[in-house]
Amino acid sequence: MFTSFFYLLRSKGLDVSLNEWLTLMEALDKDLAHNSLTGFYYLSRSILVKSESDFDKFDGAFLEYFKDIQTYEELPKELIDWLNNPKEKKNNYDKAQDEKNLSLSLQEIQKMLLERLKEQDSEHNGGSYWVGTGGMSVFGNNGNASNGIRVGGVSRRHSAMQVAGERQFRDFRNDTVLDLRQFQMAFRRLRQFSSRIDAPKTELDVDATIDETCNNAGNLKVVYGRPRKNTVKVLLLMDSGGSMDYYSSLCSALFQAVQKSSHFKDLKVFYFHNCIYSMLYKDPYCMYGNWVETEWVLKNISSDYKVIIVGDASMEPSELFGSSYYNYGARNETPGIEYLKRFKEKYKHLVWLNPIVDLGWRTGYWRQTYDAIKAEFDMYPLTVQSLDKAIKKLMVSK
Amino acid sequence: MNQKETFKGSNDYVVSNELMNAVNIAMALEKPLLIKGEPGTGKTMLAQAISKALDKKLIIWNIKSTTKAQDGLYVYDVVQRLYDSQFGTDGVDDIKKYVKMGKLGEAFSSDEQVILLIDEIDKADLEFPNDLLWELDKMEFYIPETKETVKAKKRPIVIITSNAEKELPDAFLRRCIFHYIQFPDKPLMEEIIKVHFDNLDQKLLDSVMEVFYWIRDLSSINKKPSTSEVIDWIQALEIGGIPAEKIKEEIPFAGVLLKKNEDLDTLERSRRRFRA
């Protein structure tokens, strides 16, 4: 049942597993959807979707699968007023009527509603034909029919199409840009615990001590072990100034998050302007003299460092490809792209984070360098989703 | 149709239809229910309400950053045993005496069906939920020391809450029913407030709601006030005997709603703009 819905959800990027799908089938067997589309919407959402950031994707897929919502013509005000104040609420759910209703398409219901509006001249409460309140007819308010058009009123039994149509979880989508906490959470994943480090056995292993002592008939026997520590070392290279100023708050959030992630074994930060040349700067102001040679970095920082380059990759093409480009006093015959390639060769774990999420206005030569660098590096925009991917990429050796 | 136990909310806990549905789905499918939502939307209260409504005992396992999965199952008190053995206390050879059940173990070994609340699961280490997969799936665990298997006599109803401080592992999520509690809209909030206060003046309530949602909508507020804060605020307003008209004008006792200095400043600034 609904197997194509399963594949639609998967194609929309929702990671629905077969297990969850079978659970949903079991739930349908137990009639937990109460034979209604709304029930099915909530049932399938709570079983298949496990994060509010995916609700929007689910809503989108649901709408696509169960056809788009329709708008209907405006209704007279008296009708709305009366429907907003239901006179009675009967427990008159009628299965036969409901099934008949369910067989109607939205267009048919709309057509019926318009016809009915012409015929109807009085209030109706609790019936199954007219527009009314608390009834089984496909239109009206506060009724018990599973489908149909709600006319006025606050929705108590939200109809699935409308709930999905409201797309109220759009804000939670995780392809939005990040804040400090989200950076922190992401960098926490950058860890590789190991007790196989060159450290003396200094940490008291309580459990082993107790076990050994017990085995030793109660005479204390102390056991030491090596501490388990994170072995991840990070080299952060940040573009600073110029076109990067647009993203300064985003980049400073990223920088702070890296800085505060005290769990790295080592963290080295260098700055560059536009592209990496013969010198790397020690602070974001990129001042003459306050630098180290790029050569030195490549020689002395070992290849097991994880390298994160942050930059918008947008510059004048000659800044990337041309030789002897003047760069704050650091002059050299080697073009910038050469240096970038050398970093790529040396460091197996290297990602390029780009604050540009939407290329939009960047056309012409801005775009040219962006594409050239993107072709060389694994480039990720700074959104929740792709930052996750970038961190994963840093952790695996591929 | 046989009428199974269903949850319909309780006298002092107002529940939205969707949440009620999710609870009933989780109970029918015998899967843990994972509840996420803004702080102050009553995630923890839910378990208490269910326990009251179904008249079942509630066992709460509060998770802290140092909590390990093992703590919830059982603790084998070796040190006590060692200590006892040195003084020749009776029953040292009975290991059972030194195995103490954790909250999960307690829930499993109960004769009646209980509600188990695993509160704020995201506080623990990233790997914590993975360590509980088998136990929550099969509702049993093995104690090697006594060579016993503790199996749930009646499958407990498991409610898990999370503040989304950490992402939970996929394998764990796949076994749960998920529900996200949205912040209550005005009508639902009015219902909630009415549960807490009898005979509340409608005019007072109206102006409270207006001010409250206006403050929540201010984009520059860092820590948005939630349900518990608005309830405290109404209490303060009632005790202070503030008339309804004054609330909108002066926003008295704003410190009850906003807990941060910056937020109070922001409120002051926006209020001036609001009036002008």
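Asker: Could you give an account of the overall build of chain B, naming the residues involved and the relevant values?
Answerer: Regarding its fold elements, chain B presents 14 helices and nine strands. Counting only residues that meet the buried cut, chain B has 50% of its 276 residues in that class. Contacts in chain B between residues at least 24 apart in sequence constitute 71% of all its contacts with a sequence separation of at least 6. Within the structure as shown, chain B displays about 14,200 Å² of accessible surface, and the carbon and sulfur contribution to it stands at 48%.

Asker: Before we move on, can you summarise the side chain of Thr209 of chain A with the specific residues and values?
Answerer: With respect to the helices, strands and loops of the structure, Thr209 of chain A is situated in helix α10 (residues 206-215). Not counting the four nearest positions on each side in its chain, Thr209 of chain A is found in contact with Leu204, Lys221, Val222 and Val223 of chain A.

Asker: Kindly report on the confidence of the model for chain B, identifying the contributing residues and their values.
Answerer: All names here are of chain B. Residues with a pLDDT of 70 or more make up 95% of chain B, whose mean pLDDT is 84. Per-residue pLDDT, averaged within each element of chain B, yields its smallest value for helix α4 (residues 78-86) (78) and its largest for strand β2 (residues 58-62) (93). Interface confidence for the predicted complex, given as ipTM, is 0.75, next to a pTM of 0.57.

Asker: Tell me what's going on with the interface of chain B and chain A, and back it up with residues and numbers.
Answerer: The interface is formed by 26 residues belonging to chain B together with 32 residues belonging to chain A. When chain B packs against chain A, the two sides together hide about 2,700 Å² of surface, and 58% of this comes from carbon and sulfur. Our enumeration of links across chain B and chain A arrives at two salt bridges. Linking Glu20 of chain A and Arg174 of chain B is a salt bridge whose minimum nitrogen-to-oxygen distance equals 2.8 Å. On inspection of chain B and its partner chain A, the count reaches six residue pairs in polar contact (both at pLDDT 80 or more). With six residues, the top contributor of residues to the side of chain B that touches chain A is helix α1 (residues 17-29) of chain B. Split into classes, the residues belonging to the side of chain B that touches chain A amount to 12 nonpolar, four polar and 10 charged.

Asker: Any details on the pairing of strand β12 (residues 306-310) of chain A? Residues and values, ideally.
Answerer: Taking burial as the measure, the five residues of β12 of chain A include five buried ones, the bulk of the element. Of the two faces of β12 of chain A, the one lined by Lys306, Ile308 and Val310 of chain A and the one lined by Val307 and Ile309 of chain A are each fully buried.

Asker: Can you break down the packing of aromatic side chains residue by residue, with the values?
Answerer: Tallied over the full model, the rule gives 21 aromatic pairs over all chains. When the centroid spacing of 6.0 Å and the interplanar angle of 40° are considered together, the rings of Phe58 of chain A and Phe62 of chain A count as tilted. Taken together, the residues Phe58 of chain A and Phe62 of chain A, both in helix α4 (residues 55-65) and four residues apart, mark about one turn of the helix. Taking the centre distance of 5.3 Å and the plane angle of 80° together, the rings of Phe212 of chain B and Tyr213 of chain B count as edge-to-face. Comparing Phe212 of chain B with Tyr213 of chain B, the two get one shared label, buried. Among the aromatic residues, those joined into a cluster by ring pairs are Phe5, Phe40, Tyr41, Tyr42, Phe58, Phe62 and Tyr65 of chain A. A cation over an aromatic ring shows up here: Arg45 of chain A above the ring of Phe55 of chain A, its NZ or CZ 4.0 Å from the ring centre. One residue, Arg216 of chain B, lies across the ring of Phe183 of chain B, its end atom 3.5 Å from the ring centre.

Asker: So what's going on with a nonpolar patch on the surface? Which residues, and what values?
Answerer: All names here are of chain A. Together, Leu204, Val206, Leu220, Val222 and Tyr224 make up a nonpolar patch on the protein surface, roughly 510 Å² of accessible area in all. Relative to the helices and strands, Leu220 is located in the loop between α10 and β6 (224-225). We classify Leu220 as exposed; its relative accessible area is 68%.

Asker: Describe in detail the environment of Val351 of chain A, supporting the description with residues and values.
Answerer: Residues and elements named next belong to chain A. If you trace the backbone, Val351 turns up in strand β13 (residues 350-354). Overall, Val351 belongs to the buried group, its relative accessible area being 1%. As a C-alpha pair, Val351 and Ile309 span 42 residues in sequence and 6.3 Å in three-dimensional space. Setting aside its immediate chain neighbours within four residues, Val351 contacts Val307, Ile308, Ile309, Asp378, Tyr380, Ala390, Lys393 and Leu394.

Asker: Before we move on, can you summarise a negative patch on the surface with the specific residues and values?
Answerer: On the surface, Glu203, Asp205, Asp207 and Asp211 of chain A cluster together into a negatively charged patch. Along the polypeptide, Asp211 of chain A turns up in helix α10.

Asker: Give me the pattern of salt bridges: which residues, what numbers.
Answerer: Counted by the stated rule, this structure contains 24 salt bridges over all chains. The partner of Asp304 of chain A in a salt bridge is Lys233 of chain A, and the shortest N-O contact between them spans 3.1 Å. Taken together, the positions of Asp304 of chain A in the loop between α12 (294-300) and β12 and Lys233 of chain A in strand β8 (residues 233-239) put the pair 71 residues apart, joining distant regions of the chain. Relative accessible area serves as the criterion here: at 43%, Asp304 of chain A is assigned to the partly exposed category. Between Glu229 of chain B and Lys259 of chain B there is a salt bridge, with its nearest N and O atoms 3.1 Å apart. Here Lys259 of chain B lies in the loop between α13 (254-257) and α14 (261-275) and Glu229 of chain B lies in helix α11 (residues 227-240), a separation of 30 residues in the sequence.

Asker: Any chance you could break down helix α1 (residues 3-11) of chain A for me, citing the residues and the numbers?
Answerer: All names here are of chain A. Considered for burial, the residues of α1 that qualify are Phe5, Phe6, Leu8 and Leu9. For α1, the buried positions fall inside an angular range of 165° around the axis, keeping them on one side. Seen from the open side of α1, the exposed residues pointing more than 90 degrees away from its buried face are Tyr7 and Ser11. In this structure, the buried side of α1 is in contact with α2 (18-29), α3 (37-48) and α4. Of the residues trailing α1, Gly13 is marked for its positive phi of about 90°.

Asker: Give me the nonpolar core: which residues, what numbers.
Answerer: Within the largest apolar cluster, 87 residues are counted, with the highest numbers of intra-cluster contacts made by Phe5, Leu43 and Ile47 of chain A together with Phe7, Leu33, Leu46 and Ile159 of chain B. When residues in this core are grouped by element, the largest group, nine residues, is from α1 of chain B. Dropping the residues within four chain positions of it, Leu33 of chain B is found in contact with Ala22, Val23, Ala26, Leu46, Val158, Ile159, Ile160, Ile177 and His179 of chain B. One finds Ala257, Phe270, Tyr347 and Tyr370 of chain A within the second-largest nonpolar core, a separate group that totals 62 residues.

Cut-offs applied
Residues numbered from 1 in each chain as written. Chains lettered and ligands numbered in written order. Predicted model: local features only at pLDDT ≥ 70, side-chain atom pairs only at ≥ 80, totals over all residues. Heavy atoms only, no water. Helix = DSSP H or I, 4+ residues; strand = E, 2+ residues; numbered from the N terminus. Buried < 20%, exposed > 50% of the residue type's maximum accessible area, 1.4 Å probe, protein only. Contact = heavy atoms within 4.5 Å. Areas by Shrake-Rupley, 256 points an atom, 1.4 Å probe, with all protein chains shown as cover. pLDDT = per-residue confidence, 0-100. Buried area = accessible area lost by both parts, 1.4 Å probe. Salt bridge = Lys/Arg side-chain N within 4 Å of Asp/Glu carboxyl O. Polar contact = N/O pair within 3.5 Å; in protein donor to acceptor, adjacent residues only side chain to side chain. Nonpolar A, V, L, I, M, F, W, Y, C, P; charged D, E, K, R; others polar. Phe/Tyr/Trp six-rings, centres within 6.5 Å; stacked < 30°, edge-to-face > 60°. Lys NZ or Arg CZ within 6 Å of the ring centre and 35° of its normal. Patch = residues over 30% accessible without salt bridge, like charges linked within 9 Å, V, L, I, M, F, W, Y side chains within 5 Å. Lys, Arg positive; Asp, Glu negative; His and termini not counted. Charge placed at Lys NZ, Arg CZ, Asp CG, Glu CD. Arc of directions from axis to C-beta. Core = buried A, V, L, I, M, F, W, Y, C linked by side-chain atoms within 4.5 Å.

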